[in-house]
Number of protein chains: 2
Amino acid sequence: MPRPPSASKPATLHDVARAAGVSLITASRALGNPAVVSAKTIARVQDAVQATGYIPNLLAGGLKSKRSRMVAGIVPALAVAQFLPSVQTLTETLAAEGYQVLLGQTGYDLAREEVVLNTMISRQPDGIVFTGLVQDPAVRERLRRTGIPVVETWDLSDAPVDMLVGFSQDSVGRAVGTYFRAKGWQRVGIATAGDPRALLRKAGFEAAYGCAVPTASVAAPSNLERGRQALAELLARQPGLQAVCCSSDQLAQGVLVEAQARGLRVPQDLAVCGFGNADFAAHLWPSLSTVLIDGPAIGRLAAQLVLARCRGEAVAQPIVDVGFRIVERGSTA
Amino acid sequence: MPRPPSASKPATLHDVARAAGVSLITASRALGNPAVVSAKTIARVQDAVQATGYIPNLLAGGLKSKRSRMVAGIVPALAVAQFLPSVQTLTETLAAEGYQVLLGQTGYDLAREEVVLNTMISRQPDGIVFTGLVQDPAVRERLRRTGIPVVETWDLSDAPVDMLVGFSQDSVGRAVGTYFRAKGWQRVGIATAGDPRALLRKAGFEAAYGCAVPTASVAAPSNLERGRQALAELLARQPGLQAVCCSSDQLAQGVLVEAQARGLRVPQDLAVCGFGNADFAAHLWPSLSTVLIDGPAIGRLAAQLVLARCRGEAVAQPIVDVGFRIVERGSTA
DNA sequence: CTGTTAGCGCTTTCAG
DNA sequence: CTGAAAGCGCTAACAG
C-alpha cells in the first residue's frame, strides 16, 4: 500500500518485506542477491519497493557487511587540473560498480595527509586512492595495518603502501633533459611548482644536463599567471635563454603568453615544453610540446585494482607503470 | 595495554572504554561531547585512544545518530573547470566542520540525475549540493520529501527544491548583450556548449539584441579546441563578424587562439568575451574580458547553508543571489 | 528457496 | 557527571 505523500518516516526494508508478504531477509536477498531467490518473490519485492518508495540505507548495510562501497579519493587540491581526468575516470569506473568516491584534499600539506587519511578511514572506505606517495613512514605503516586496499598514484616506488599506478618522475625529467640536449639547447631554464613530484622531474632533468639548471619556483597550484612570472624571472637571470622546461602545461602556457607579450618568437627565440598534455596543449598557437600522461588510465586502473581487491581476487600486478611519452609539437619543433 | 602490531581487529570504542576503565558510553561522550565529562575521565579516555590506536567508525555512529556527516556534491563532470573552485571550497568548508563530500557526476545526462541522486540518498547524506537546478519535477518532489537539506547552485529559481545559491543566467546574457550593443557591435556571434545554463545566457543575450544571433554549438564540456572550431564555424557563416560571446573562458580562449592563428587582431578585428573568470583569463594576451562569477563563494555559502540546517538553525535566506560582474579587459577594450 | 537469530559499532533515551 | 539498556537498518550465518 502506498504511503501518504509526506511526513512519514522513510520506508525501511522491514516495510518492504511486510508489503511483499515475505521475511526481512528474503527482501534483502531479493534486492542484493537475487540469484538465490525465486523470480516470483523478486517481482513481489520489487513491487513493494515501488509502492513504499524504498531507498536502501547503505550505512546500515555497510555496518553489517563491512563493505561501505565507498572509496576515498585524495588529491592535493581539486583545482589542480592535472589530476582531474584521473579523478573523473576513477569516479566513473567505480560508480559503474556501485561504489562512490569520498573526496579528500590535502592542500599539498604533509601534516594534513595524516588528518585526511584518518578522517577517511573513519568512514570505513573499501579502498583509498591517493595522489602521489604517502610521505610519512609512520602513516604508511598505520595505513598498511588497516588492511584497506590502498593505491598510490602518479609516482613510482619499489615499496608502495599496497598498490601503485604511476610512472617514474625521474625518468620523465631525464627524458625531457635528454630531448633538450639533443636539440642543442645550452641555456635552459626550469619553471616548476615545486611539489614533490615536480622536484623529482627537475632532478632528472638536471641529471641529464649534468649540472644545476636555473630554476624559477612558483607556488602550487601552478597556473598561467605564475608561468608568466616564471619566464620573467628566468629571463632576468639568464638573458640568452633558449628553452624552458615547465612542470605543468598551465605553467607552460603562461611562458608562451609571456613570450608572446615580449615579442619573443616560439620556438625560434624560445622553446617551451610542458607536462601533462592538458586538453588545450595541442591547440595552442604554437601548439605546446609536452609530456603525455594518461590520466584517465591511472584513474581506471586504480579503480580496477581496488575493485579486484574488494572482490577478493588476487592482484597479479600490484605495481603498474603507465609510462609517459614526449609529444613534440610547435613549441619545440 | 597496546595491542600487538598487526593482524588483530581494529580497536572499537569498547576496547577504548575497557582500557580507560570506564563504560562504553562514557568513552563515547568523552570523544563526542566532552563538555559533559570530567577532565580526568577525558584524559584517561584519550590515553586509551592512543594506546589502542582507535579510529572511530562513523558508519556505526551515523546509523544510530542519523547524522552521517557526509554531504553529496554533484557536478556534471569533474573535468568541467568552471565548477572546480566551488567544489574545492565546498569540500574545504565542510571538512573544517568534520563533514566529507561524496562525489557524484551526472555527465550532463538528465536521466543520470535521478540515478545519481538516489545513489547518494542511499548513503544518508546530511546534505546535497547540486550543480544547477534539478530538472525532473518528479525527482524534485521526491528529493524534497526526503527532508535532506538540498542546495541547488549556479542558477536562480523562485521555487528551488529547498535552498539555492546562484545567479540569474538570463541576466548574465542580457548584461553581456547590452554591453556588446553599447560597443556598437552589430555582427555578433555566440559560441556555446549548449548546457541548460549556457542556453539561458544565450536567450538573454539574444533578448538584448532583440533577435536570434548566429550560434556555434559545441559539445560539453567546452575546451580550447572546441572554441577554435566554434570561431571557424562562426566566421564561415558570418564573414564580417565583429564580436563573439562565449559560454566559458575555455571556449573564449580557443576563439582567441583561432583568431591569432588566422591573423585577426583582438579586439580590433574581433572582440571576445568569456564567462567565469577562470584563473587564466586576466593573464592571457590580450587579457580576456569575461563575466566574473564568485565560484568559491558559491561553494562556501552552500556549505554554510547545509551546516546551518544540520545544526537545526533556521535559515533566514534560503535563496542567495551571488550576482556577477562583467570584467572588461583587453579582448573587448 | 526461505526463515530465524544474532549482532555490526555506535549513540540515544532514561536512570542513577 | 556516569551508567545500563535498547536499538539504528541491515546482512552473515545457520537452520529448515
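In the block above lies the structure referred to throughout.
Per chain, residues are indexed from 1 in the order of the written sequence. Written order determines the labels here, with chains lettered from A and ligands numbered from 1. It should be noted that, the model being predicted, local features are given only for residues of pLDDT at least 70 and side-chain atom pairs only at 80 or more, the latter also being counted only at that level, while totals for whole chains, interfaces and linings use all residues. Water and hydrogen atoms were dropped before computing side-chain values, which therefore reflect all heavy atoms in the structure.

Undergrad: Lay out the overall build of chain A in plain terms, naming residues and giving numbers.
TA: The helix count covers DSSP runs of H or I at least four residues long, the strand count covers runs of E at least two residues long, and both are numbered beginning at the N terminus. Secondary structure summary: chain A contains twelve helices and twelve strands in total. For each residue, the accessible area found with a 1.4 Å probe, counting protein chains only, is set against the maximum for its type, and the residue is called buried under 20%, exposed over 50%, and partly exposed in between. Within chain A, buried positions represent 53% of all 333 residues. In what follows, residue pairs with any heavy atoms lying within 4.5 Å of each other are defined as contacts. The contacts of chain A with a sequence gap of at least 6 include a subset with a gap of at least 24, amounting to 66%. Method for areas: the Shrake-Rupley scheme with a 1.4 Å probe, in which residue coverage is limited to the protein chains shown. Total accessible area on chain A is roughly 13900 Å²; 54% of this is exposed by carbon and sulfur atoms. Charge counting treats Lys and Arg as positive and Asp and Glu as negative, with His and both chain ends excluded. For the purpose of locating charges, the reference atoms are NZ of Lys, CZ of Arg, CG of Asp and CD of Glu. Taking the average location of the 33 positive side-chain charges in chain A and that of its 27 negative ones, the two points are 6 Å from each other.

Undergrad: Any chance you could break down the nonpolar core for me, citing the residues and the numbers?
TA: In this text, buried Ala, Val, Leu, Ile, Met, Phe, Trp, Tyr and Cys residues form a nonpolar core when linked through side-chain atoms within 4.5 Å. With 90 residues, the main nonpolar core has Phe180(A), Phe205(A), Phe180(B) and Phe205(B) as its most contacted residues. Excluding its chain neighbours within four sequence positions, the residues that come into contact with Phe180(B) are Trp185(B), Val188(B), Phe205(B), Tyr209(B), Ala243(B), Val244(B), Cys245(B) and Cys273(B). Counting 34 residues, the second largest nonpolar core, distinct from the first, contains Leu117(A), Phe130(A), Leu102(B) and Val116(B).

Undergrad: Could you give an account of the side chain of Thr192(B), naming the residues involved and the relevant values?
TA: As for its placement among the helices and strands, Thr192(B) is situated in strand S6 (residues 188–192). Side-chain polar atoms of Thr192(B) contact the backbone nitrogen of Gly194(B), separated by 3.1 Å. Polar contact is defined as a pair of N or O atoms within 3.5 Å, subject to the rule that within protein one atom must be able to donate a hydrogen and the other to accept it, and that residues adjacent in sequence are counted only when both atoms are side-chain atoms.

Undergrad: So what's going on with the protein's contact with DNA strand D? Residues and values would help.
TA: Around DNA strand D, a shell composed of 26 residues is seen, among which Leu13(A), Ser28(A), Tyr54(A), Thr26(B) and Arg29(B) lie nearest. Proximity is defined per residue: any heavy atom of the residue falling within 4 Å of a molecule or strand makes that residue near it. Of all DNA strand D atoms lying within 4 Å of any protein atom, the proportion belonging to sugar or phosphate reaches 58%. Ala60(A) is positioned such that a nitrogen or oxygen atom in its backbone is 3.2 Å from a base nitrogen of DNA strand D. When contributions to the surface near DNA strand D are tallied by element, the ones reaching two or more residues are helix H2 (24–32) and helix H4 (58–65) of chain A together with helix H2 (24–32) and helix H4 (58–65) of chain B. The dominant element in the surface near DNA strand D, judged by the number of residues it contributes, is H4(A), at five residues. Nonpolar residues are Ala, Val, Leu, Ile, Met, Phe, Trp, Tyr, Cys and Pro. Charged residues are Asp, Glu, Lys and Arg, and all others, Gly as well, are polar. In the surface near DNA strand D, the residues fall into twelve nonpolar, nine polar and five charged.

Undergrad: Mind laying out the sheet that holds S6(B), listing which residues take part and the relevant values?
TA: All names here are of chain B. When DSSP locates at least two bridges between a pair of strands, those strands are taken to pair. Strands sit in the order S7-S6-S8-S9 across an open sheet of four strands; the sheet is parallel. Here the strands that pair on one side only, and so sit at the sheet edges, are strand S7 (215–217) and strand S9 (271–273). Strand-to-strand, the axes of this sheet are offset by a mean angle of 15 degrees, without reference to chain direction. Taken together, the three bridges between S6 and S7 define a ladder with parallel strand orientation. Looking at S7, one finds that isoleucine 190 is bridged to threonine 215. In this analysis an axis means a line fitted to C-alpha atoms, helices contributing only their contacting stretch, and an angle means the value between N-to-C directions, from 0 to 180 degrees. Docked against the sheet, helix H9 (residues 196–209) engages S6, S7 and strand S8 (243–246), running at close to 170 degrees with respect to S6. Along the sheet, helix H11 (residues 249–261) makes contact with S6, S8 and S9, crossing S9 at roughly 165 degrees.

Undergrad: Residues and numbers for the packing of helix H10 (residues 224–237) of chain B against H11(B), please.
TA: All names here are of chain B. Closest axis-to-axis distance for the H10/H11 pair is 6 Å, and the angle between their directions is 55 degrees. Here H11 runs oblique to H10, going by the angle between their axes. Two packed elements cross with a definite hand, and for H10 against H11 that hand is right-handed. Contact residues: Leu224, Arg226, Gly227, Arg228, Leu231 and Ala232 in H10; Gln250, Leu251, Gln253, Gly254, Val255, Val257, Glu258, Ala259 and Ala261 in H11. Here the residues of the contact of H10 with H11 are counted per class, giving eight nonpolar, four polar and three charged. Angular relationships are summarised with four words: roughly parallel below 35 degrees, roughly antiparallel beyond 145, roughly perpendicular across 65 to 115, and oblique for the angles in between. For any helix crossing, the convention is left-handed if the near helix is rotated counterclockwise from the far helix by under a right angle, and right-handed if that rotation is clockwise.

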